[in-house]
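Chain residues, written in single-letter form:
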Amino acid sequence: MTLPPGVPASNAEVFARSCAVIPGGVNSSIRAFKAVGGTPYVVDRAEGPYVWDVEGTRYIDLVQSYGAIILGHAHPAVTGALAAAAAGGTSYGAPTPGEMLLAEEISARVPSCERVRLMNSGTEATSTAVRLARGYTGRDRIVIFHGNFHGATDALLAAGGSGVATLGLPGTAGVPAAAVSETMVVPYNVVPQLDESVAAVFVEPVAANMGVVAPAPGFLEGLRAECDRVGALLVFDEVITGFRLGTGGAQERFGVRPDLTTFGKVIGGGLPIGAVGGRREIMETLSPLGKVFHAGTLAGNPLATAAGRAALAELTPAVYELLAGRAARLSTVLQAACDAAGFPATFPVVGTLVGMHFGSALGNGTAPTNFAEATTTDEAAYARFFHAMLAEGVALAPGAYEALFVGLGHTDDVIAAIGAAAARAARVAAAA
Ligand SMILES: *Cc1c(COP(=O)(O)O)cnc(C)c1O
C-alpha cells in the first residue's frame, strides 16, 4: 500500500506527529508502549498473520486487534462482504435485514441469547448490561472480579484488568465515587456470598485480560447457583471468549447458562460492534418495549453486521478444532523457547486462547488462578521479551496481561517461525 500523501515512511515521525494531535498518540490507551517502553510501530496494512508498519517492516502479528480478528487480517470473505455492503450505503437509521441475520446467527449459536441487541463496542455492551440488570431487578449492586476487564464502563472501572492493571491504577480518575459506590470487587475463582441487594454478577468466564486465567472447576456453576439463590442476574462478559472459544463461547464449553451475555470483538469481523443477548423477559425490558433506555445512531451498522456475518460463516466447529490445536502448539513452542533459554515463563492455554506469565514467582510452569497471582508476573522481563520478539519480527501486545491471539492466518509454518524467533528472543531477554 502507498502511504497517504505527506505521511513519512517513519514510525517515529508519524507517531510524533500523532502525539501532537492525539493524546499519547493512541486512540486506545493499551496500544501505547508505556508498559514496555519505546514507541509503537505504526501499521500501514495487514494480511493474514502479518502486519506491516509504515517503514515496510513485516511482523507476525499476535495482537490481531486484541481478539477482534480471528480469520486473519483482510480475509477475503470479510473484505468481499464489506465491499458489497458499502456499495449499498453505510448507515440508514432504519432496520436492516443484515442486523436481523446477525442477531439470528448469535441466537442460534448461543441458546441463552433468546434476544439480541446490537451496538457499537464491548464497552457499550457492558454499560448497557449494567443498566439493564439494574432496571430489570430494581437493585443497584453490581459484583465484579478483581482483574476482570469489562471495557471503559464507569460502573465497572472499580478495579480493572487489561490496561488499568498495566498502568498501575486502582480505578481511574474521572469516575465519581458514586458511580462505583454500588460496585463490589471480589477475587476471581472464589464464589462470593451474595445478598438480595445484588442486581448482577459480571464475570469473564475465562479471564483473558490478566494473562488468561481459567475458571476453577465449579466456579462458574457456583456463581450460577449463588445468583439463583438471591435472585441476581449472572452476566457473562464474552467480549473475548464469544465465538472464539467455540461455537457457543465459554457458556457452551463450561455448560453454564448466564442470564445475559455481552459480546464484541469477533462478532464484528474487525469492525466496531458490541451486543447484549439474554433471556427474553430481561431483554424485553430494553426500550422501546421496556423501561430501560438504549439507543445508538450506528447500532446494527450495515458494514459491521456484514463483516460479522462473514466472519461467523467461516467459523465452523472444524475451524475451532484447528485453532485449538494451533493455540496448543503456540504455547508449546513458546514454552520450549523460554525453557531452553532459562527464561522463566508460562503460557497457559484454554481452548483457543493462549496467555502468558513471566518470572518464577509462582514457580516455573505454574499458571495464575487470580489477579493477585497474575500480577506477580515479571513486567520488566516481559518488556525485554516483548522488544526482543519485535526485533525478531513478531508483534505481541505491549502489555504483560494480554492474551496471544491465534487465528486462521497462523499456519503451522507461521507458528514454527514464532518458535524460532522466540528461541532467540528468550536468550536475549534472559541475558539482559
Ligand atoms: C475488549 C473487552 C471489552 C471492551 O470492548 P471494547 O469493544 O474494547 O469496548 C469488554 N470486555 C472484555 C472481556 C474485553 O476483552
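Just so it is clear, the model here is predicted, and its values are computed rather than measured. (Residues numbered from 1 in each chain as written. Predicted model: local features only at pLDDT ≥ 70, side-chain atom pairs only at ≥ 80, totals over all residues. Heavy atoms only, no water.)

Q: Would you explain the site of the ligand in this entry?
A: Inspection of the region around the ligand gives Ser 121, Gly 122, Thr 123, Phe 149, His 150, Gly 151, Glu 204, Asn 209, Asp 237, Val 239, Ile 240 and Lys 265 as its neighbouring residues. Between the ligand and Thr 123, the relevant distance is 2.6 Å, taken from an oxygen atom to a side-chain nitrogen or oxygen of the residue. Between the ligand and the protein, one listed contact pairs an oxygen atom with a side-chain N or O atom of Lys 265 at 2.7 Å. Split into classes, the residues belonging to the shell around the ligand amount to 3 nonpolar, 6 polar and 3 charged. (Near = heavy atom within 4 Å. Polar contact = N/O pair within 3.5 Å; in protein donor to acceptor, adjacent residues only side chain to side chain. Nonpolar A, V, L, I, M, F, W, Y, C, P; charged D, E, K, R; others polar.)

Q: What's the story with the pattern of salt bridges in this structure? I'm lost.
A: Between side chains of opposite charge, a pair can form when the charged atoms approach closely. Tallied over the entire structure, the rule returns 12 salt bridges. For Glu 226, the salt bridge goes to Arg 229, with nearest N and O atoms at 2.7 Å. One end of the pair, Glu 226, and the other, Arg 229, are both in helix α7 (residues 219-230), 3 residues apart, so they sit about a helical turn from each other. Note on Arg 229: relative accessible area 48%, which makes it partly exposed. Residues Arg 280 and Glu 284 are paired through a salt bridge, measuring 3.3 Å at the closest nitrogen-oxygen approach. The structure contains a network of salt bridges with shared partners spanning Arg 224, Asp 228, Asp 259, Arg 279 and Glu 281. (Salt bridge = Lys/Arg side-chain N within 4 Å of Asp/Glu carboxyl O. Helix = DSSP H or I, 4+ residues; strand = E, 2+ residues; numbered from the N terminus. Buried < 20%, exposed > 50% of the residue type's maximum accessible area, 1.4 Å probe, protein only.)

Q: What is the right way to read the sheet that holds strand β4 (residues 115-119) from this model?
A: Reading across the sheet, the 7 strands line up as β4-β10-β9-β8-β7-β5-β6 and stay open at both edges, with mixed pairing between neighbours. If you trace the sheet from one side to the other, it starts and ends with β4 and β6 (183-186), each paired once. Each strand of the sheet is rotated relative to its neighbour by a mean of 20°, with strand direction disregarded. For strand β5 (residues 141-145) and strand β7 (residues 198-203), the ladder comprises 3 bridges, and the chain directions are parallel. Opposite Ile 142, over in β7, you have Ala 200 as the bridge partner. Each of β4 and β9 (260-263) touches helix α3 (residues 97-109); the most contacted strand, β4, lies at about 130° to it. (Pairing = 2+ DSSP bridges. Axes fitted to C-alpha atoms, helices over the stretch in contact; angles between N-to-C directions. Contact = heavy atoms within 4.5 Å.)

Q: Where do I start with helix α4 (residues 122-137) in this structure?
A: Every α-helical turn comprises 3.6 residues, leaving residues that sit three or four positions apart pointing alike. The end-to-end C-alpha distance of α4, which contains 16 residues, comes to 22 Å, matching closely the 22 Å that a straight helix rising 1.5 Å per residue would cover. Once α4 ends, the next one or two residues include Gly 138, with phi positive near 70°. (Expected span 1.5 Å × (residues − 1).)

Q: Hey, could you run me through the packing of aromatic side chains in this one?
A: Between two aromatic rings, the relevant description is the distance of the centres plus the angle of the planes. According to the stated counting rule, one finds 14 aromatic pairs in the structure shown. Consider the rings of Phe 347 and Phe 358, whose centres lie 5.9 Å apart with planes at 90°: the pair is edge-to-face. Taken together, the residues span a long stretch of sequence, with Phe 347 in the loop between β11 (345-346) and β12 (349-350) and Phe 358 in strand β14 (residues 357-358) at a distance of 11 residues. Look at Phe 358 and you get buried, because its relative accessible area is 0%. With 6.1 Å between their ring centres and 50° between their planes, Tyr 382 and Phe 386 make a pair best called tilted. Separated by 4 residues within a single helix, Tyr 382 and Phe 386 lie in helix α13 (residues 379-391), roughly one turn from each other. Among the aromatic residues, those joined into a cluster by ring pairs are Phe 33, Tyr 41, Tyr 59, Phe 343, Phe 347, Phe 358, Tyr 382, Phe 385 and Phe 386. (Phe/Tyr/Trp six-rings, centres within 6.5 Å; stacked < 30°, edge-to-face > 60°.)

Q: Can you help me understand the environment of Ala 380 in this one?
A: With respect to the helices and strands, the residue Ala 380 is situated in helix α13. For the pair Ala 380 and Phe 358, spaced 22 residues apart in the sequence, the C-alpha separation amounts to 9.1 Å.

Q: Got a minute to help me understand the domain arrangement of the chain in this structure?
A: Many descriptions give the size of an interface as the accessible area lost when the pieces come together. We note that the domain assignment places domain 1 (11-62 + 317-431) and domain 2 (76-314) within the chain. Here domain 1 meets domain 2 over a buried area of about 2,300 Å², counting both sides, of which 64% is carbon and sulfur. Among the residues domain 1 hides against domain 2, the three largest losses belong to Tyr 320, Phe 371 and Tyr 401. Together they make up 30% of the total. If you look at where domain 1 meets domain 2, you find 0 salt bridges. Taken together, the links from domain 1 to domain 2 amount to 7 residue pairs in polar contact (both at pLDDT 80 or more). For the side of domain 1 that touches domain 2, the elements supplying multiple residues, two or more each, are α11 (317-341), β13 (353-354) and α12 (371-374). (Domains from an automatic or database assignment. Buried area = accessible area lost by both parts, 1.4 Å probe.)

Q: I keep staring at the pairing of strand β3 (residues 58-61) and nothing clicks. Help me out?
A: For a regular strand, side-chain orientation follows a simple rule: the groups alternate between the two sheet faces. Relative to β3, strand β2 (residues 50-53) is paired through 3 bridges, and the arrangement is antiparallel. Considered in β3, the bridge of Tyr 50 is made with Ile 60. Hairpin remark: β2 followed by β3, antiparallel, with 4 residues in the connecting loop; positive phi at Gly 56, about 90°. Sheet topology note: the β3/strand β15 (residues 394-395) ladder contains 2 bridges and is parallel. Bridge pairing in β15 places Ile 60 opposite Val 394.

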